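# Summary of structural features
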Amino acid sequence: MKIYNTLSKRKEEFVPLEEGKVKMYVCGPTVYNLIHIGNARPMIVFDTVRRYMEHKGYEVNYVSNFTDVDDKIIKKAIEEGVDASVISERYIAECKKDMAAMNVKPATTHPKATEEICGMLDMIGTLIEKGHAYTAPDGTVYFRTRSFKGYGKLSHKNLDELQGGNRSLLVTGEDQKEDPLDFVLWKPKKEGEPYWESPWCNGRPGWHIECSVMSKKYLGDEIDIHAGGEDLIFPHHENEIAQSEAANDKPFAKYWMHNAFLNIDNRKMSKSAGNFFTVRDISEKYDLQVLRFFMLSAHYRSPLNFSAELMEAAKNGYDRIVTSVSNLNYLLDHAASDTMSEDEKQLVEEAKAFIGSFDEAMDDDFNTADALAAIFELVKFANTNANAECSSEFIKALKDEIVMLSDICGLIVEKKQEMLDGDIEALIEERQAARKAKNFQRADEIRNELLDKGIVLEDTREGVKWKRV
């Protein structure tokens, strides 16, 4: 498996720090509003990376944070006349709803910046002790950028370039900085802002220190993969490296992965241009599985253009897989025989070539566009070779392969038909009758049948209760 490493600017063979395990940190959203489709791209891309790693047998510790203290959160809280935590908790909940609708798996840990302040104070203290940080007269703590010899190695910028003519690359500075390149680790509170006590002043952390500390706490000093959008390479990820390696005296992340930008009708997304879409906006017109399919239809390092035409193409592509699986399920219920013939066994062996093509694409820096092409080839093969004369064993083998590969991409292609309440109650009554007649096999079959359709039974003293999951 090869990963393009932003640090080396080349594809590298993936070798985890610990055999069989992957420690992965993905920068999450700042929660002051509903997430937009630009936020959705890294969520979907790196969730798919995680799923493929797990498919390959790795145990993945996947950490993705919520930035829940920020100027934009504070501004919105002031506008609404509520605490900043009210805003952040509201939009964390909404973000999780959208992630679930896109079939993005919950992270192993979703840390919140406000719950990790103690760790930030500790790391800032360590950086001051080692001479990598200093306190200004007003209590602001700055990182001394020139003290870290490797600064610029991720963004491939040198300090002379940053210090020279291109002022746009600099972190905005104040007169109290020793050097314009120095950046904030801790800043004093302003009127009406949330704050925490510290040895330097009552205030709050800078953005960059948050991720360094959350990664360290939940994954350790050294991690396998750090990921996010390419807009985070500089200064955010560059500053994370400087802080983490200066504090811990160890390499921070072995592989750095960054997804390219998402444009809308070939223009940068912005509210002022009137082409700004939240994930919730898209959900009003499309199943968010279509959005996921769209995001995976291009390589993650390629710029992706969002348009109505391309979304319709994605819908057609996704529907093609769903329809194939639905047809296979119909054939499965009406199969001519149970056991595969020799010819069918040969066809199943041929179908394994599509799995090989899928793995080959994903092993090459997670080329989801080619991986989806392999799924389409498998769908075409199934549509051509499965019919009413085939055995259930053969049909199921083809269906299972399509569902498995789609699931690695996070695509739900087998739709569970929702049962009516009356049908559920009728099956529960049949199960009760079977248990009374000591026909426990049938009772278990009914429980499993309901479970397959997302219905969980609970036997209580008051009778059987059920709920949808």
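Preceding this paragraph is the structure being described.
Sequence positions are assigned chain by chain, starting from 1 and proceeding in written order. A pLDDT threshold of at least 70 governs which residues receive local features in this predicted model, and a stricter bar of 80 or more applies before side-chain atom pairs are shown or counted, although totals over entire chains, interfaces and linings include all residues. Derived side-chain values reflect all non-hydrogen atoms in the structure, with water molecules and hydrogen atoms excluded from consideration.

### Considerations on the overall build of the chain
- A tally of helices and strands in the chain yields 15 helices and 15 strands.
- When its C-alpha atoms are laid out on the principal axes, the chain stretches across 80 × 55 × 45 Å.
- Between buried and exposed lies partly exposed: a residue is buried under 20% and exposed over 50% of the maximum accessible area for its type, with that area taken using a 1.4 Å probe on protein chains only. Within the chain, the fraction of its 469 residues that count as buried is 49%.
- Between two residues, a contact is recorded if the distance between any of their heavy atoms is within 4.5 Å. Long-range contacts, defined as pairs at least 24 residues apart, comprise 74% of the intrachain contacts of the chain with a sequence gap of at least 6.
- In the form shown here, the chain has an accessible surface area of approximately 22,300 Å², with 48% of it arising from carbon and sulfur atoms.
- In summary, the charge assignment counts Lys and Arg as positive and Asp and Glu as negative, without counting His or the chain termini. To locate a charge, the coordinates of NZ of Lys, CZ of Arg, CG of Asp or CD of Glu are taken. Considering the chain, the positive charge centre built from 61 side chains and the negative charge centre built from 81 side chains are found 2 Å apart. Note on conventions: DSSP H or I runs of at least 4 residues are helices, E runs of at least 2 residues are strands, and numbering of each starts at the N terminus. In this description, accessible areas are obtained by the Shrake-Rupley approach with a 1.4 Å probe, and a residue is regarded as covered only by the protein chains that are shown.

### Topic: the sheet that holds strand β12 (residues 267-268)
- Strand order in the open sheet formed by three strands is β12-β11-β13, with mixed pairing between adjacent strands. Strands with a single pairing partner mark the edges of an open sheet, and in this sheet they are β12 and β13 (304-306).
- Two strands qualify as a pair provided that DSSP identifies no fewer than 2 bridges between them. Pairing of strand β11 (residues 262-264) with β13 involves three bridges; the strand directions are parallel. Paired with Ile264 across the strands is Phe306, a residue of β13.

### Quick look at the side chain of Thr67
- Structurally, the position occupied by Thr67 is in the loop between β4 (59-64) and α2 (71-80).
- Setting aside anything within four residues of it in sequence, one finds Thr67 in contact with Pro29, Thr30, Val31, Ile73, Trp207 and Glu210.

### Looking at the sheet that holds β4
- Reading across the sheet, the four strands line up as β4-β3-β9-β10 and stay open at both edges, with parallel pairing between neighbours. Where the open sheet ends on each side, the last strands, each with one partner, are β4 and β10 (253-259). Strand-to-strand twist in this sheet, taken as the mean axis angle between neighbours without regard to direction, amounts to 20°.
- Pairing of strand β9 (residues 223-229) with β10, which is carried by six bridges, proceeds in the parallel orientation. In the sheet register, Ile225 faces β10, and the bridge partner there is Tyr255. Convention adopted: a line fitted to C-alpha atoms gives each axis, helices being fitted over their contacting stretch, and angles between N-to-C directions are expressed from 0 to 180 degrees.

### Let's talk about the pattern of salt bridges
- We define a salt bridge as a contact between a side-chain nitrogen of Lys or Arg and a carboxyl oxygen of Asp or Glu at a distance within 4 Å. All chains considered together, the criterion is met by 35 salt bridges.
- Two residues, Asp363 and Lys56, come together in a salt bridge whose shortest N-O distance is 3.4 Å. One end of the pair, Asp363, is in helix α11 (residues 342-363); the other, Lys56, is in the loop between α1 (37-55) and β4, and 307 residues separate them in sequence.
- Notably, a salt bridge pairs Lys112 with Glu115, separated by 3.9 Å at the nearest N-O pair.
- Connected through salt bridges with shared partners, the residues Asp47, Arg51, Arg292 and Asp407 form a single ionic network.

### Things to note about empty space enclosed by the protein
- Cavity: a set of points on a 1 Å grid over the protein atoms alone where a 1.4 Å probe fits but cannot get out. Pocket: an open set with protein on both sides within 12 Å along at least five of seven lines, its lining residues, like those of a cavity, having an atom within 4 Å of a point. Grid points are joined across faces, edges and corners, and a volume is the space filled by probe spheres set on the points. Inspection of the entire model under this criterion finds one cavity of 30 Å³ or more.
- Residue lining of the largest cavity: Val45, Thr48, Val49, Leu296, Tyr300, Met362, Phe366 and Thr368, and that is the complete set.

### Thoughts on the packing of α11 against helix α12 (residues 368-385)
- Relative orientation of the contacting elements α11 and α12 amounts to 170°, with a least axis distance of 7 Å. Judged on the interaxial angle alone, α12 and α11 are roughly antiparallel. Regarding α11 and α12, the two cross each other, and that crossing is left-handed. Residues Leu347, Glu350, Ala351, Phe354, Ser357, Phe358, Ala361 and Met362 of α11 form the contact with α12, whose participating residues are Thr368, Asp370, Ala371, Ala374, Ile375, Glu377, Leu378, Phe381 and Asn385.
- Here the nonpolar group is Ala, Val, Leu, Ile, Met, Phe, Trp, Tyr, Cys and Pro; Asp, Glu, Lys and Arg are the charged ones; every other residue, Gly included, is treated as polar. Split into classes, the residues belonging to the contact of α11 with α12 amount to eleven nonpolar, three polar and three charged. Between 65 and 115 degrees an angle is taken as roughly perpendicular, under 35 as roughly parallel, over 145 as roughly antiparallel, and anywhere else as oblique. Handedness of a helix crossing follows the sense of rotation of the near helix relative to the far helix, less than a right angle counterclockwise being left-handed and clockwise being right-handed.

### Re the pairing of strand β7 (residues 183-188)
- Strand direction decides the pairing type here: strand β6 (residues 141-143) and β7, joined by three bridges, are antiparallel. Bridge pairing in β7 places Val141 opposite Trp186.

### Some remarks on the side chain of Asp359
- Considering the arrangement of structural elements, one finds Asp359 in helix α11.
- What Asp359 contacts, discounting residues up to four positions off in sequence, is Tyr52 and His55.

### With respect to the pairing of β9
- β9 sits mainly inside the fold: seven of its seven residues count as buried.
- Bridge count for strand β3 (residues 21-26) against β9 is three bridges, and the pairing is parallel. Counted as the bridge partner of Met24 is Ile225 from β9.

### Side note on the environment of Phe394
- Among the structural elements, Phe394 can be located in helix α13 (residues 392-408).
- Each C-alpha atom, one on Phe394 and one on Ala382, is 10.0 Å from the other, the two residues being twelve residues apart in sequence.
- With near-sequence residues (within four places) excluded, Phe394 lies in contact with Met340, Glu344, Leu347, Val348, Asn385 and Ala386.

### A closer look at the packing of α11 against α13
- Running from amino to carboxyl end, α11 crosses α13 at an angle of 5°, the nearest separation of the two axes being 10 Å. In terms of orientation, α11 and α13 fall into the roughly parallel class. Contacts from Glu344, Leu347, Val348, Ala351, Lys352, Phe354, Ile355 and Phe358 of α11 reach α13 at Phe394, Ala397, Leu398, Glu401, Met404, Leu405 and Ile408.
- Grouping the constituent residues of the contact of α11 with α13 by class yields twelve nonpolar, no polar and three charged.

Functional significance is not addressed by these values, which are geometric in nature.
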